[in-house]
Amino acid sequence: MKLFREHTLLITLVLGAGFSPAIAVDFASDIRPLLSDRCIKCHGPGDKKGGLRLDSRDAILEAIDQDDLAKSELLYRLTTDVEEDHMPPKKGGTKKLTSNQVELFTEWVMDGVPFEQHWAYIIPEKAKISGDEHPVDHFIGKRLAEEGFEPNPAADPATLLRRLSLDLTGLPPSVAEVDAFVSDPSEENYEAQIDRLLASPHFGEKWALRWLDLARYADSNGYQHDDLRSMWPWRDWVINAINDDMPYDQFTIEQLAGDLLPNPTKDQLIATAFHRNTPTNFSGGSKVDEVRATLMMDRVNVTGQVWLAATMECASCHDHKFDPITHRDYFEMYAFFNQSVEEIAVLGEGMFRKKFIGETVEVPTGRENPEQASKLQAELDELEARLAELKQSSTPGIKPQIWSTQKEIRALKAGVAELEPAVVHVLRDSRTPPETRIFERGSYLAPGELVSTGTVDALHPFPEDAPQNRLGLAQWLVADENPLVARVAVNRWWAELFGRGIVETLDDFGMQSAPPSHPELLDWLSVDFVENGWSLKSLLRTLVTSHTYRQSAVIREEVALVDPGNHLLWRSPRHRLTAELVRDNALAISGLMNREMHGPPVFPAQPEGLWDEIGGADIKTYPTSTGADQYRRGIYVMLRRGNPHPSMLNFDAGDRSLCVANRPRTNTPIQALTLLNDPNFVDAAEGFAGLIRDREGDESAKAHWAFRRALSREPSNAESNVLLSLHATDPTWFDVAQALLNTDETICR
Amino acid sequence: MNPFSLNPGSSRREFLRNGTVGIGAMALASLNRAESATNPYSFGTSKGVHALDHAPKAKQVIFLHMVGGPSQMDLFDPKPALAQYEGSSLPSEVTKGQKFAFVGPDAKVISSPYEFRQHGESGMVMSDLLPRMSGVVDDLCMIRSMKTDEINHSSGELVLNTGHRLIGRPSFGAWASYGLGSENSDLPAYVVLTNGIPVAGSPVWGAGFLPAQHQGVRFRGGAKPVFYLDDPEQIDRERRKRIVDGTNALNQLSFDRLRDPEISARIKQYELAYRMQTAVPDMVDLKDESQSVLDLYGVKDPAEDTYAKNCLLARRLVESGVRFVQIFVQGWDHHADIYKNLKGKCEEVDQGTSALITDLKQRGLLDETLIVWGGEFGRTPMAQVVSAGGDPTGPGRDHHKESFTVLMAGGGVKGGLTYGSTDDFGFGVSENPVHVHDWHATCLHLLGIDHERLTYKYQGLDARLTQVHGHVVKDLIA
């Protein structure tokens, strides 16, 4: 690719340029990354090798000779030829500092070791900007101007409306909506479109998706058996909360501690199912206390990850190697969650199956059928009676019969449950919670020192009047003094629109994080977000009204040579829709989509036998949806961890075993096969072809309409010709429909 | 200050300084992270992200996972001393503080009824249950001192395949695909064949947090083994080609307008997909294999998806440059009636496994192909006589994590070597323990990879197959 070759050449030229006199060292950009990458793993809060830490100025000064800075131990270790003294040590695999880096280090020491707090731990402030400037364009523009570049011109109105609709609701605009906007692309009308889309009930469906990834939401337990469970009322709670623009601080408190609020509503209880999304291992040999420890650790990890972009997990076995999170901090956080009642118990005799216990909330499904349920119940009673008989019997070889009956009973029970109100597991604290001890090396079999509740000491203090329970923890998270929580959220939502965070490491704001590309912008938006009552909708309004958002996606080679990754945002990023939206978009274009919201998961066609492959599962038959249910939006598609829908996996949806902040976006031949041959997408092409056939007008008019239905914009002559020549060999329009649904532009925004 | 200016006055030093926050550094940072991994060029002959750390001994891996945990003391690691304890408990100092899945520490010992003999020039010992594998012992390297951390199938399978007991981590095969890329443009780099599925399901061959293109692609048996490979009924090959060409004509016009390289990648993927539609069925069609080869493996009916057929497919796949082939064989979890059930499993795998080694050797491929054979854990020296549901059963053996045996062959391992040993009870490792992490480190080493250097940033950690453990066992390497 010519573009990239030239870029490499350019870098080589720049690197080859000569030296010039020294300039002052910047700690944050020059020194901290080196300390973090090359030193802190051994000389940090974790290992303190040789008794030396290099993560604070005071500690570093111990390796500095104040009387003769140049003779400091620190510099000797970096420069010596004596192999056993040299740092970082050769055999550790950590890269040596280059001579330039040593030079920077030397200069920094000679400057007197100036040190500053890691940016993410400093409370953000709003930089001043002039009144009539758009804040996003101000900061993006400033940086672009520094590099000597201009942003792209605005995208054409049709493309812009498509982008806005897909970004805000996950659905494409209709041709009529596009026509109306193209005929009046004024500022007022653009803002009216934003208002319309933000008010759409489908807004919540789109913006819940990212949250479901973070919350590791699924419809089954995971692991062996992988039984189904009803978590969907919590998923609906998220959709509603986002549609209502529930302030993010409240959104946080209700999910972490809705049950601890005074007189909690049913919805507030359902919100706490957030932390019952944890995968749960009910395998035969798993122990109840082991499962509980895994659940609690998962809650600490996910809480840290979701709200702080902290990599808590590192501190589950020892002090964090890079960040100021101690092993003790970890278990003090654990103590908040460990106040919960027992949630797992052994079911019946033997140790083969366990079940959930603890607090639940009943939610109507809209599919209750008491009559059918009592019929099944009668069958169930009969089976139970037969099982009792079998167990009495002393006939040899009876075992397999007993097992299959037990299995039948479990499957039937699940069937009965389907016809009754859904039971959602939620959080509740115990009046007599177990004590919490630090697990040595993270093992529940090695309990050590007793700890009580607490938060990460190196961050802001726990609010004085807050209770020592999950409610207090939630209040600590959303306290004004927390420098992280707004930044982390704003950064992820930014990434949802722009494809990449201002901080690229969406999952890590610690010492190993990528530096923000536009730090002042992130801070401005974060402060503004809180000032606007933690409103997601108002944040999004700010983002999508910017020119940065509205510019065209065309790649200008002269800029791409310098910034191929578009880190400066000189063009609108293009990226592929997420798995759920690839589906939604195709269904919407085809006219097949059923826009019904909420409720139990649906089961669009999938290859046969997938559920049969789940180890030890009772429910092995996938109850394929028929009728309109098979065309519901992707967010409602059954997600069974042991074998999720293959189309979703093929487009990078995960199995929701872990909290995921950043889904990869791949581009594979399997995706092509899915779009071409998965019956769901074949149905979509057939539906779309039917719509084209039904259009008034001649072939050209039909082709023109089809193109606009898929892509909103006007086709070029060449594009129309492609469609017409496909039509020439296939008068049914199926081939045209499939080609349009498969084109890169259709599955990208 | 423009770090990209070619002005000779702008210094290299200045560039580097600005580089740490400048776009150069940002671009480099992202190259080092996800972006290189989400590289659009997925299958196809891609280079992988990881330059080799040293000259590789093996280029590809065939991983034969005996799901459930074969009994080491009935197959590979004879324990005559157990006869003295038959029917009584092991000394309490042996079992104290140990974890068991179903039996208690007082469970009664059961010895092995099988004959063990020495074979080959090496004199490696094997039980009579595996007569054909006994014939290739000089190519096998037997590790009797394996250890793992888990006593449950799902977590044990996950440790063996991903190095971590929880679901969501990349599998060994995914790491190999990520690190080394693919050498065949029409097939995935990591193919999974199954004779029964592990209980932890597809996460066992998943990509975890690596990009999805590195997950194992399961060939499901039959003539069209990949999902969505088949065109809908009404679409013949010619029509499919017209649609793909039409799609790509539209893609090309988009590219001309937008200049986005992601679009050219998409064009390539559609061409590949079209080729895969014939390449994959060709791959699984055994009609060009001679009768003598079919007989060697014991393939009686080529339409039947037996273990023997899967072994032959594994050879065909590595022959065409697939990086990592895995066969899962369910059914080794012999809690009850072990002497009936174990014999059957051995008959199922003995011929295919030995044929695979023989065949690869004849074709000169054994040196560059690492074959591994083993379960997620071993089995207890004590008998299990009560089922999980609490009912009496014929004797079996429970899960055992303190010691078990795996076999390796080809790919630079020492043939004929028996490595490590267990105590007289066959309970714990007495010499040269090899933890699963060490074993992973060793396998990666054979592929030319330093296990500490093949990493992927996940939640701030440089995540790797061996987590924070693992030592290469040099003694195993030829």
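All values derive from a computational prediction rather than experimental measurement. (Residues numbered from 1 in each chain as written. Chains lettered and ligands numbered in written order. Predicted model: local features only at pLDDT ≥ 70, side-chain atom pairs only at ≥ 80, totals over all residues. Heavy atoms only, no water.)

A.B. asks: Would you mind going over the overall build of chain B with me for this structure?
C.D. replies: When helices and strands are tallied, chain B shows 15 helices and 17 strands. Within chain B, buried positions represent 63% of all 478 residues. Of the contacts made within chain B by residues no fewer than 6 positions apart, 76% connect residues no fewer than 24 positions apart. Element-wise, carbon and sulfur atoms account for 50% of the exposed surface of chain B, whose accessible area totals about 16,500 Å². (Helix = DSSP H or I, 4+ residues; strand = E, 2+ residues; numbered from the N terminus. Buried < 20%, exposed > 50% of the residue type's maximum accessible area, 1.4 Å probe, protein only. Contact = heavy atoms within 4.5 Å. Areas by Shrake-Rupley, 256 points an atom, 1.4 Å probe, with all protein chains shown as cover.)

A.B. asks: Which parts of the structure should I look at to understand the environment of A:Glu418?
C.D. replies: Residue placement: A:Glu418 occurs in helix α17 (residues 399-418). Here the alpha-carbon distance between A:Glu418 and A:Gly51, two residues 367 residues apart in the chain, equals 61 Å.

A.B. asks: How should the pairing of strand β7 (residues 324-329) of chain B be read in this particular structure?
C.D. replies: Within a regular strand, side chains alternate between the sheet's two faces. All names here are of chain B. Taking burial as the measure, the six residues of β7 include six buried ones, the bulk of the element. Where burial is concerned, the two faces of β7 agree: the one with Phe324, Gln326 and Phe328 and the one with Val325, Ile327 and Val329 are both buried. Where strand β1 (residues 60-66) and β7 come together, six bridges link them in parallel fashion. Bridge assignment links Phe63 to a residue of β7, and that residue is Gln326. Bridge count for strand β5 (residues 190-195) against β7 is six bridges, and the pairing is parallel. Counterpart to Val192 in the pairing with β7 is Gln326. (Pairing = 2+ DSSP bridges.)

A.B. asks: Looking at this structure, I do not really get the nonpolar core. What am I missing?
C.D. replies: Looking at soluble globular proteins, one finds that nonpolar side chains tend to be buried together. Judged by nonpolar contacts, the single largest core of 261 residues is most densely connected at A:Trp108, A:Trp234 and B:Phe219. A per-element tally of this core places helix α19 (residues 485-498) of chain A first, with ten residues. With residues up to four places along the chain from it excluded, the contact list for A:Trp234 reads A:Trp211, A:Leu212, A:Ala215, A:Tyr217, A:Gln255, A:Ile270, A:Ala271, A:Ala273, A:Phe274 and A:Asn277. By size, the runner-up hydrophobic cluster in this structure holds 53 residues, among which are B:Leu180, B:Leu454, B:Val473 and B:Leu476. (Core = buried A, V, L, I, M, F, W, Y, C linked by side-chain atoms within 4.5 Å.)

A.B. asks: Explanation requested: the domain arrangement of chain A in the structure shown.
C.D. replies: The figure often quoted for interface size is the accessible area lost as the parts come together. Examined at the domain level, chain A breaks down into domain 1 (25-116), domain 2 (122-151 + 491-574), domain 3 (156-200), domain 4 (247-362 + 425-477), domain 5 (369-420) and domain 6 (679-747). Here the C-alpha centre of domain 3 of chain A lies 54 Å away from the C-alpha centre of domain 1 of chain A. (Domains from an automatic or database assignment.)

A.B. asks: Explanation requested: the packing of helix α26 (residues 669-677) of chain A against helix α11 (residues 261-284) of chain B in the structure shown.
C.D. replies: Each packed pair of helices is defined by two parameters, the angle between the axes and the distance between the axes. The interhelical angle for the contact between α26(A) and α11(B), taken along N-to-C directions, is 75°, at an axis separation of 8 Å. Regarding the angle of α26(A) to α11(B), the classification is roughly perpendicular. Contacts between α26(A) and α11(B) involve A:Pro669, A:Ile670, A:Gln671, A:Ala672, A:Leu673, A:Leu675, A:Leu676 and A:Asn677 from the former and B:Arg266, B:Gln269, B:Tyr270, B:Leu272, B:Ala273, B:Met276 and B:Gln277 from the latter. (Axes fitted to C-alpha atoms, helices over the stretch in contact; angles between N-to-C directions. Parallel < 35°, antiparallel > 145°, perpendicular 65-115°, else oblique.)

A.B. asks: Looking at this model, I keep getting lost on the domain arrangement of chain B. Mind explaining?
C.D. replies: Residue and element names in this part refer to chain B. Each assigned domain of chain B is listed here: domain 1 (48-223 + 286-476) and domain 2 (227-284). Measuring from the centre of the C-alpha atoms in domain 1 to the corresponding centre in domain 2 gives 38 Å. Taken together, the contact pairs 14 residues of domain 1 with ten residues of domain 2. A combined buried area of about 1,000 Å² lies between domain 1 and domain 2, and 63% of that area is made up of carbon and sulfur atoms. At the junction of domain 1 and domain 2, the tally comes to one salt bridge. Across the salt bridge formed by Asp186 and Arg275, the nearest N and O atoms sit 3.0 Å from each other. Among the elements that take part in the side of domain 1 that touches domain 2, helix α13 (residues 307-319) stands out by supplying four residues, more than any other. Grouping the constituent residues of the side of domain 1 that touches domain 2 by class yields seven nonpolar, three polar and four charged. (Buried area = accessible area lost by both parts, 1.4 Å probe. Salt bridge = Lys/Arg side-chain N within 4 Å of Asp/Glu carboxyl O. Nonpolar A, V, L, I, M, F, W, Y, C, P; charged D, E, K, R; others polar.)

A.B. asks: Got a minute to help me understand empty space enclosed by the protein in this structure?
C.D. replies: Summary: where empty space remains is shown by rolling a probe the size of a single water molecule over the atoms. Summed over all chains, the structure comprises 14 cavities of 30 Å³ or more. Here the largest cavity is characterised by a volume of approximately 140 Å³. Residues that form the lining of the largest cavity fall into these classes: ten nonpolar, three polar and three charged. (1 Å grid on protein atoms, 1.4 Å probe; cavity = no way out; pocket = protein on both sides within 12 Å on 5 of 7 lines; lining within 4 Å. Points joined across faces, edges and corners; volume = space filled by probe spheres on them.)

A.B. asks: Help me out: how do you make sense of the side chain of A:Asp167 in this one?
C.D. replies: Residues and elements named next belong to chain A. Here Asp167 lies in helix α7 (residues 157-169). The class of Asp167 is buried, set by a relative accessible area of 3%. Setting aside chain neighbours within four positions, we find Asp167 in contact with Lys206, Trp207, Leu497, Tyr549 and Arg749.

A.B. asks: Looking at this model, I keep getting lost on unusual backbone geometry. Mind explaining?
C.D. replies: Note: most residues except glycine have negative phi, and most peptide bonds are trans. Residues and elements named next belong to chain A. Of note, the amide linkage connecting Met87 to Pro88 takes the cis form, showing an omega dihedral of -10°. Looking at the element boundaries, Pro88 is found in the loop between α4 (73-79) and α5 (99-110). One non-glycine residue, His225, lies in positive phi territory at about 75°. Of note, His225 is situated in the loop between α10 (202-214) and α11 (232-243). For His225, a relative accessible area of 3% corresponds to the buried category. Non-glycine residue Leu569 carries a positive phi angle of around 60°. With respect to the element layout, Leu569 can be found in the loop between α23 (557-560) and α24 (579-590). Leu569 gets classed as buried once you look at its relative accessible area, which sits at 7%.

A.B. asks: Explanation requested: the pattern of salt bridges in the structure shown.
C.D. replies: Per the stated rule, a full pass over the model turns up 82 salt bridges over all chains. Of the charged contacts in the structure, one is a salt bridge between A:Glu496 and A:Lys206, with a shortest N-O distance of 3.1 Å. With A:Glu496 in helix α19 and A:Lys206 in helix α10, this pair connects stretches of sequence that are 290 residues apart. Residues A:Glu496 and A:Lys206 agree in their burial class; the two are buried. A cluster of three or more residues bridged by salt bridges with shared partners is formed by B:Asp288, B:Glu289, B:Arg315, B:Arg316, B:Glu319, B:Asp359 and B:Arg363.

A.B. asks: Can you help me understand the packing of helix α30 (residues 734-742) of chain A against helix α10 (residues 237-258) of chain B in this one?
C.D. replies: Running from N to C, α30(A) and α10(B) point in directions that differ by 45°, and their axes come no closer than 8 Å. The angle between the axes of α30(A) and α10(B) places the two elements in the oblique class. Here the hand of the crossing between α30(A) and α10(B) comes out right-handed. Mapping the contact onto sequence places A:Phe734, A:Asp735, A:Gln738, A:Ala739, A:Leu740 and A:Asn742 in α30(A) and B:Arg239, B:Arg240, B:Arg242, B:Ile243, B:Gly246, B:Thr247 and B:Leu250 in α10(B). Here the residues of the contact of α30(A) with α10(B) sort into five nonpolar, four polar and four charged. (Left-handed = near helix turned anticlockwise from the far one by under 90°.)

A.B. asks: For this particular structure, what's the right way to read helix α8 (residues 153-162) of chain B?
C.D. replies: In an α-helix, one turn spans 3.6 residues, which is why side chains three or four residues apart end up on the same side. All names here are of chain B. Among the ten residues that make up α8, ten are buried, leaving the element largely enclosed by the rest of the structure. Listed in full, the buried residues belonging to α8 are His153, Ser154, Ser155, Gly156, Glu157, Leu158, Val159, Leu160, Asn161 and Thr162. Packed against the buried residues of α8 are β1, α9 (172-180), β7, β8 (369-374), β10 (392-400) and α15 (436-446).

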